[in-house]
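# Residue-level structure breakdown
If you want the building blocks of each chain, they are given just below.
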Amino acid sequence: MKAAVIQMVSQDDVLANLQRAGVLLEQAAFGGARLAVLPENFAAMGRKDAAAIGRAEALGEGPILPWLKRTARDLKLWIVAGTLPLPPVGQPEAKAHACSLLIDEHGEVAARYDKLHLFDVDVVDNRGRYRESDDYAHGTQVIVADTPVGRLGLSVCYDLRFPELYSALRAAGAELITAPAAFTAVTGAAHWEVLIRARAIETQCYLLAAAQGGTHPGPRETHGHAAIVDPWGRIVVEQAQGEAVLLAERNIDEQASIRARMPVVTHRRFFSQGALRPAHTSE
C-alpha cells in the first residue's frame, strides 16, 4: 500500500525532464510504491508554447503521453502525471487545460482531472505576475478514482486554497488526495505547509503533495517541500529542495480509527446564502 511523491526541478527541455522523471519513477517503483505522483509542470517549466505542446500531444505527435504510458507499463506503476497541457478530448485546436492524468499500471488513462482554479495572481517576487488563464481553460469536474492504494481524489496546486473542492472529494469517497504543485518560493514559504496539512486534517485523507523545488527558466523559483501528510495532519516525510522520491505506507486501520473517533463528515452542517444575512442589533 505504499505511495510515492516526487520532487523535481524541471527545466524547459521536455526530453531531459522526461529522462529525469523516469529515473525518479524507477526509484519509486523499486522502493515498493504502487502509485507515484509527479509534480505540476513535470515535463516543462518556463515554456511559452503550452498550446503547441498540448496540440501535439492531442494529435499523437508529442513525446509526453507515449512516454507516460510506456513507463507505467514497464514499471507496473500507477502514475499521477502532475500536469501537462492538454485540450479537451477530440478538440485538438481548443484551449488547453492544466491536466492531471492518472495512468494505470497497464498504461491506460484511468482518470483525467482538469485544474479547476487557475493561478491569476500578483506575487512579490522576481516575476511578479502570474496569469495561468492566458494559457489554460478552467476545468469543471471533481474527479475521484479507485487505485491499488485506495480511492484517490485529484487536485492541483492553487486548488489547495479552495477547501470546498476537498470537501467534495471526501464526499465522493476519497481516501487519498493528490496535490502536484509548483508553488512560488514566496507563497510557498508563507502558506504551503499550512494548506497541505489543513486539507489533510479536514478531509481525514492522506495528502500526496508532489512539488517543484528549485530554480527554473523564466526566471522562477519554486518552494519545494514535497510531502506526504497523514489523515491526522502529520507530515510523514518531506524534502525541502532538489530532486527527491518520498515514500510512505497508507495505514488503513489508523485512517479508519481517525474517521470513527472524529466523524466530521456526519457533523458537517450546510447553510444557504440567506443564512449569511447579518444579525440585527438593538441599541
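Parameters at a glance
Residues numbered from 1 in each chain as written. Predicted model: local features only at pLDDT ≥ 70, side-chain atom pairs only at ≥ 80, totals over all residues. Heavy atoms only, no water. 1 Å grid on protein atoms, 1.4 Å probe; cavity = no way out; pocket = protein on both sides within 12 Å on 5 of 7 lines; lining within 4 Å. Points joined across faces, edges and corners; volume = space filled by probe spheres on them. Helix = DSSP H or I, 4+ residues; strand = E, 2+ residues; numbered from the N terminus. Nonpolar A, V, L, I, M, F, W, Y, C, P; charged D, E, K, R; others polar. Buried < 20%, exposed > 50% of the residue type's maximum accessible area, 1.4 Å probe, protein only.

The name recorded for the protein chain in an unreviewed UniProt entry is Carbon-nitrogen hydrolase family protein, from Pseudomonas fortuita.

## What about the layout of surface pockets?
By volume, the largest pocket amounts to about 660 Å³. In terms of lining residues, the largest pocket is bounded by 28 residues, among which Gly46, Arg47, Arg127, Asp135 and Arg220 are the most central. The calculated volume of the second largest pocket comes to roughly 190 Å³. Looking at the second largest pocket, the residues that line it are Glu57, Ala58, Leu65, Lys69, Leu86, Pro87, Pro88, Val89, Gly90, Leu101, Val109 and Arg112. Of all the secondary structure elements, the ones that give two or more residues to the lining of the second largest pocket are helix H2 (50–58), helix H3 (64–75) and strand E5 (109–114). Per-class residue counts for the lining of the second largest pocket are eight nonpolar, one polar and three charged.

## A closer look at the environment of Ala111
For Ala111, the position within the fold is in strand E5. Once the C-alpha coordinates of Ala111 and Leu247 are considered, the two residues, 136 residues apart in sequence, prove to be 22 Å apart.

## Points about unusual backbone geometry
Pro219 follows Gly218 through a cis peptide bond whose omega is -10 degrees. Following the sequence through the fold, Pro219 ends up in the loop between strand E14 (215–216) and strand E15 (220–221). In this model, Asn41 sits at a positive phi of 55 degrees, which is unusual for a non-glycine residue. Mapping Asn41 onto the fold places it in the loop between strand E2 (33–37) and H2. Of the residues examined, Asn41 reaches a relative accessible area of 17% and is grouped as buried. Although it is not a glycine, Lys76 adopts a positive phi angle of roughly 50 degrees. Locating Lys76 in the fold gives a position in the loop between H3 and strand E3 (78–86).

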